[in-house]
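Now for the letters of each chain:
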Amino acid sequence: MFQYQLNHRFFAQVPEGIEELAAEELAELGAERVRIVFRGVYFDAGQAELYRVNYGARLSTRILAPLLTFRCHNPDYLYRKAKEIAWENFFSPHQTFAVFANVTESKIHHSRYAALRLKDGVVDSFRERLNRRPSVEKIDPHVRIGLYIERDNATISLDTSGGSLHRRGYREAGGEAPMQEIIAAAVLRLSGWDGSQPLYDPLCGSGTLLSEALMTYCRIPGAYLRKRFGFQCLPDYDEALWTSVKQEMDLAMRPLPEALISGSDRSEKAVHSAGRNLGELPWGERVSLRVADFRTLQGLQNRVIVCNPPYGIRLERNKDLSGLYRDLGDFLKHQCKGSAAFVYFGNREWIAHVGLKPSWKKVLRSGRLDGRLVKYEIY
Ligand SMILES: C[S@@+](CC[C@H](N)C(=O)[O-])C[C@H]1O[C@@H](n2cnc3c(N)ncnc32)[C@H](O)[C@@H]1O
């Protein structure tokens, strides 16, 4: 028996800063005994809840099923433990796999080398048992194996998501600086938008906030477009149960009312790619889009405004964006009365240039970006 089969405990990897939101979402999807740690959430789940969490989560990066935890002080011991696992329970030698490792405060301190020893253990386990070995495939492997070593405590896990869940499958066309999907989903959740007011993104780029808003309102599961999940490789995978979980969640979806979600951008190319991305999702064609400079927009009263303006790191490097942020403040003040605006700043130095008093600011990091989400209430 593997560890997750004995204790039904799983681990969700979560971007830094949104652990609590992610834990809340996991609990809504049926996870029990959630425990928040730095960049993650432990939780209990049966098979049905594991499938539901993988299918529905928008705020977790991946869900790991721990196979084995042990004290580990050197790479050879890691190799021997990896070799002891009967990997043929998860995949066959003609399928491919990849190992991703993370090591902190341990005697083994090179995560690359740790990953390599784990890989050798997997390969030799197959060789000795079946006389054949699977190949490593980095980009799109059949099975992803995780290794986490913290203070010499090693855990070998299987990625039950089958690749990061931020890959929703709708991003056909990347814009210039698209927002990470999980961050966009977190912005939506922190905004508290429930569909009772229309939502507008005046700098929509390739439409990530609009797509996540559509998925949130219509209850489209985060992994709706995903073809294959890692949990399908688990020895106790129950196909009929997965079909019924999926059916139940698909039946809970609801259509998008016309004019509830709209957006614009001054770049024609960006609006075109937003249209294509939204078109991948159910009811995406009901999101209205147009090409417009936000400075020319009028009459956006009593809405929820969300946006992610250029921040000068990847886009418009070295450019002075203070005028743009001042204009954004004026636009919100004069054209968006009665609205709540949620602006995601990839670079917090621009917050002061908006010239409006924030109701709150929240830290929302995304990769290298030390971002902030700022709420403005416009009277
Ligand atoms: C950081 S990107 C937004 C990315 C978007 N959230 C996404 O996920 O693709 C900023 C966007 O602001 C747009 N933009 C810049 N100045 C604008 C203006 N004055 N009016 C409207 N859009 C503008 C750019 O064309 C760009 O698409």
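Residues numbered from 1 in each chain as written. Predicted model: local features only at pLDDT ≥ 70, side-chain atom pairs only at ≥ 80, totals over all residues. Heavy atoms only, no water.

Asker: Quick question: what am I supposed to make of helix H3 (residues 47-56) here?
Answerer: A turn of α-helix holds 3.6 residues, and therefore any two residues three or four places apart point the same way. Most of H3 is tucked away, with seven of its 10 residues classed as buried. Restricting attention to buried positions, one finds in H3 the residues Ala48, Leu50, Tyr51, Val53, Asn54, Tyr55 and Gly56. Contacts made by the buried residues of H3 are with strand S1 (9-13), helix H2 (19-28), strand S3 (40-44), strand S4 (62-71) and helix H8 (239-251). (Buried < 20%, exposed > 50% of the residue type's maximum accessible area, 1.4 Å probe, protein only. Helix = DSSP H or I, 4+ residues; strand = E, 2+ residues; numbered from the N terminus. Contact = heavy atoms within 4.5 Å.)

Asker: Quick question: what am I supposed to make of the packing of H3 against H8 here?
Answerer: Any two packed helices are characterised by the angle at which their axes cross and by the distance between the axes. Where H3 contacts H8, the axes come no closer than 9 Å and their chain directions differ by 50°. In terms of orientation, H3 and H8 fall into the oblique class. Like other packed secondary-structure pairs, H3 and H8 cross with a definite hand, here right-handed. Between H3, through Gln47, Ala48, Tyr51, Arg52, Tyr55 and Gly56, and H8, the contact on the second element is made entirely by Leu241, Trp242, Val245, Lys246, Glu248, Met249 and Asp250. (Axes fitted to C-alpha atoms, helices over the stretch in contact; angles between N-to-C directions. Parallel < 35°, antiparallel > 145°, perpendicular 65-115°, else oblique. Left-handed = near helix turned anticlockwise from the far one by under 90°.)

Asker: How should the sheet that holds strand S8 (residues 153-159) be read in this particular structure?
Answerer: Strands belonging to one sheet form pairs held by backbone hydrogen bonds; the direction of such a pair is parallel or antiparallel. Pairing within the open sheet is mixed, and its eight strands lie in the order S2-S3-S1-S4-S8-S7-S5-S6. The sheet terminates laterally at strand S2 (32-37) and strand S6 (135-136), the two strands that pair on one side only. Of the strand pairs in this sheet, strand S5 (residues 96-104) and S6 are connected by two bridges, and their pairing is parallel. What sits directly across from Thr96, in S6, is Ser135. On top of the sheet, helix H4 (residues 75-84) reaches S4, strand S7 (143-150) and S8; it is set at about 115° to S4, its chief contact. (Pairing = 2+ DSSP bridges.)

Asker: I'm lost on unusual backbone geometry in this one. Help?
Answerer: Outside of glycine, negative phi angles account for most residues, and trans bonds account for most peptide bonds. Phi at Arg151 takes a positive value of approximately 45°, unusual for a residue other than glycine. Looking at where Arg151 falls in the secondary structure, it is placed in the loop between S7 and S8. Within the chain, Arg219 stands out as a residue other than glycine whose phi angle is a positive 55°. Tracing the backbone through its elements, the reader meets Arg219 in the loop between helix H7 (208-218) and H8.

Asker: What exactly am I supposed to notice about empty space enclosed by the protein here?
Answerer: The gaps left among the atoms become clear once a water-sized probe is rolled over them. Going through the model one piece at a time under the given rule, you end up with one cavity of 30 Å³ or more. If you add up the space inside the largest cavity, you get close to 30 Å³. Lining the largest cavity are His142, Val143, Arg144, Leu158, Asp159, Gly162, Gly230 and Cys233. Among the residues forming the lining of the largest cavity, the class breakdown is three nonpolar, three polar and two charged. (1 Å grid on protein atoms, 1.4 Å probe; cavity = no way out; pocket = protein on both sides within 12 Å on 5 of 7 lines; lining within 4 Å. Points joined across faces, edges and corners; volume = space filled by probe spheres on them. Nonpolar A, V, L, I, M, F, W, Y, C, P; charged D, E, K, R; others polar.)

Asker: Looking at this model, I keep getting lost on the packing of aromatic side chains. Mind explaining?
Answerer: As enumerated under the stated definition, the model contains 22 aromatic pairs in all. Each ring, one from Tyr51 and one from Phe231, has its centre 4.4 Å from the other, and the planes form 25°; the classification is stacked. A residue pair is termed long-range when its members are at least 10 positions apart, and Tyr51 in helix H3 and Phe231 in the loop between H7 and H8 qualify at 180 residues. When sorted by exposure, Tyr51 lands in the same class as Phe231, which is buried. (Phe/Tyr/Trp six-rings, centres within 6.5 Å; stacked < 30°, edge-to-face > 60°.)

Asker: Help me out: how do you make sense of the site of the ligand in this one?
Answerer: The full set close to the ligand counts 22 residues, and Met179, Ser206, Thr208, Asp265 and Phe294 are the nearest of them. Separating a nitrogen atom of the ligand from a side-chain N or O atom of Asp293 is a distance of 3.0 Å. Between Arg295 and the ligand, the recorded distance is 3.2 Å, taken from a side-chain N or O atom to a nitrogen atom. Summarising the interface, the protein chains cover 96% of the accessible area of the ligand, which totals 600 Å² for the free molecule. (Near = heavy atom within 4 Å. Polar contact = N/O pair within 3.5 Å; in protein donor to acceptor, adjacent residues only side chain to side chain. Areas by Shrake-Rupley, 256 points an atom, 1.4 Å probe, with all protein chains shown as cover.)

Asker: Can you walk me through the domain arrangement of the chain in this structure?
Answerer: You can read the domains of the chain as domain 1 (3-159) and domain 2 (181-220 + 252-377). Inter-centroid distance (C-alpha atoms) of domain 1 to domain 2 is 35 Å. Counting residues at the interface gives 11 residues for domain 1 and 11 residues for domain 2. Both sides together, the interface formed by domain 1 and domain 2 hides about 980 Å², and carbon and sulfur atoms give 58% of it. It is Glu16, Leu21 and Arg58 in domain 1 that bury the most area against domain 2; as a group they hold 56% of the surface buried on that side. Among the salt bridges present, the one from Glu16 reaches Arg365, with a minimum N-O distance of 2.9 Å. (Domains from an automatic or database assignment. Buried area = accessible area lost by both parts, 1.4 Å probe. Salt bridge = Lys/Arg side-chain N within 4 Å of Asp/Glu carboxyl O.)

Asker: I'm lost on the environment of Ser206 in this one. Help?
Answerer: Relative to the helices and strands, Ser206 resides in the loop between strand S9 (199-201) and H7. A sequence separation of 34 residues divides Ser206 from Glu172, and the C-alpha atoms of the two residues are 9.7 Å apart.

Asker: Is there a simple way to explain the sheet that holds strand S14 (residues 360-363) in this structure?
Answerer: Spatially, the seven strands line up as an open sheet ordered S11-S10-S9-S12-S13-S15-S14, and their pairing is mixed. What marks the edges here is a single partner per strand, and that holds for strand S11 (288-291) and S14. In this sheet, adjacent strand axes meet at a mean angle of 15° when their direction is disregarded. On the sheet, helix H9 (residues 268-279) packs against strand S10 (261-265) and S11 and is oriented at approximately 165° with respect to S11. The sheet contacts of helix H10 (residues 322-335) involve strand S12 (304-307), strand S13 (340-345) and strand S15 (372-377), and relative to S13 the element is tilted by about 165°.

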